[in-house]
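# Per-entry structural report
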Amino acid sequence: MLVAWDVTSEQEALRARDNLVASVSHELRTPLTSVLGYLELALDEDDLSERVRRYLDTALGSGERLLAIIADILISSRRSRTSVEAAVHPREIDALEVVRESVLALRPLADDRVIKVTVSGAERAVVFADPGRPRQVVDNLLGNALKFNRDGGAVELAVTTDGRETTITVRDTGVGIEPADQEHVFDRFFRASEDVAGNGLGLAITQDIVKAHEGRISVASEPGIGSIFTVVFPAHAQKRVPG
Ligand code: ADP
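In this report, we go over the structure that sits alongside the text. What you see is a predicted model, and the numbers here were worked out from it, not measured in a lab.

## Topic: the environment of Arg216
Within the fold, Arg216 resides in strand E6 (residues 216-222). Residues in contact with Arg216, not counting those within four places in the same chain, are Glu165, Val210, Thr230, Val231 and Val232. Polar contacts involving the side chain of Arg216 include one to the side chain of Glu165, which spans 2.9 Å.

Written as structure tokens, this is what we have:
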């Protein structure tokens with residue numbers, strides 16, 4: 001017996017969505033570049049108070065990350081991982097520092113919903129990665145752990161290392177993910193429900209970044225209890241197998 005599916009319309013829908021995402025991201029770039037330019041100009045002023053300088057610095061940092069994310073969405077919507085790989089210039093990065101910075105940046109989101117965020121881990125845990133990328137990964141995972149949590153819930157981030165690989169885990173007390181959905185959460189545009197706003201690209205981009213670093217990402221989850229996302233990065237340069 002022969003079973004055939006016509007996937008033409010599905011492919012067309014996916015392509016149309018790709019094009020839409022690509023053009024929206026592209027259009028966002030111009031105004032964002034202008035915002036960053038003016039923030040830099042403002043920071044050049046001599047008579048800023050320390051507090052205002054800190055606010056502007058934070059806004060500039062967030063804007064720069066947003067620009068990097070837009071670049072990734074463009075890459076991911078063109079369905080190629082090679083561009084992320086080509087842009088990887090790895091060096092040794094302190095994993096715990098990355099996690100702490102991400103927690104600090106997302107603290108207002110956590111506080112709004114009275115979610116307790118804790119960090120534990122090895123002081124000397126290194127990830128061998130392109131600067132900025134581990135932060136983007138942790139921001140995405142922590143962002144989801146907060147977004148899909150319940151008010152008054154908790155998020156635990158942990159860093160461990162065996163010197164060869166460094167593992168970052170993000171555990172939440174959120175809605176969890178049905179077993180059938182777990183294998184799809186890293187697919188582009190996949191969203192388990194429409195209850196919470198999102199575009200279904202965050203985890204796809206996160207997986208692209210992790211794979212481009214020869215790392216691994218996985219999820220374990222129990223509906224109604226919570227989820228754990230585990231990311232493993234190499235702790236030093238990978239030995240290339242000759243040939
Ligand atoms: P978005 O968050 O924009 O929807 P993501 O790619 O980050 O896109 O996540 C895809 C889907 O995976 C989410 O819509 C949600 O259904 C599920 N998901 C991701 N992280 C979690 C989490 N921590 N808890 C529960 N569900 C999650």
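Text resumes after the structure shown.
## Let's talk about the site of the ligand
Contacts to the ligand come from 20 residues, most closely from Asn144, Lys147, Asp172, Asn199 and Leu203. Backbone polar atom of Gly200 to an oxygen atom of the ligand: 3.1 Å apart, as the coordinates give it. For the ligand, an oxygen atom lies 2.8 Å from a polar atom in the backbone of Leu203. Contact with the protein chains hides 96% of the accessible area of the ligand, taken as 540 Å² for the molecule alone. Elements represented by at least two residues in the shell around the ligand include exactly helix H5 (133-147), helix H7 (202-212) and strand E7 (226-234). When residues in the shell around the ligand are grouped by element, the largest group, 3 residues, is from H5. Grouping the amino acids of the shell around the ligand by side-chain chemistry returns 10 nonpolar, 7 polar and 3 charged.

## Examining the environment of Gln238
Structurally, Gln238 can be placed in the segment after E7. Taking the C-alpha atoms as reference, Gln238 lies 36 Å from Asn149; in sequence the two are 89 residues apart.

## Section: a negative patch on the surface
Together, Glu40, Asp44, Glu45, Asp46, Asp47 and Glu64 make up a negatively charged patch on the protein surface. Position of Asp46 among the secondary structure elements: in the loop between helix H1 (8-43) and helix H2 (50-77). The exposed category is assigned to Asp46, whose relative accessible area is 74%.

Conventions we followed
- Residues numbered from 1 in each chain as written.
- Predicted model: local features only at pLDDT ≥ 70, side-chain atom pairs only at ≥ 80, totals over all residues.
- Heavy atoms only, no water.
- Helix = DSSP H or I, 4+ residues; strand = E, 2+ residues; numbered from the N terminus.
- Contact = heavy atoms within 4.5 Å.
- Polar contact = N/O pair within 3.5 Å; in protein donor to acceptor, adjacent residues only side chain to side chain.
- Near = heavy atom within 4 Å.
- Areas by Shrake-Rupley, 256 points an atom, 1.4 Å probe, with all protein chains shown as cover.
- Nonpolar A, V, L, I, M, F, W, Y, C, P; charged D, E, K, R; others polar.
- Patch = residues over 30% accessible without salt bridge, like charges linked within 9 Å, V, L, I, M, F, W, Y side chains within 5 Å.
- Salt bridge = Lys/Arg side-chain N within 4 Å of Asp/Glu carboxyl O.
- Lys, Arg positive; Asp, Glu negative; His and termini not counted.
- Charge placed at Lys NZ, Arg CZ, Asp CG, Glu CD.
- Buried < 20%, exposed > 50% of the residue type's maximum accessible area, 1.4 Å probe, protein only.

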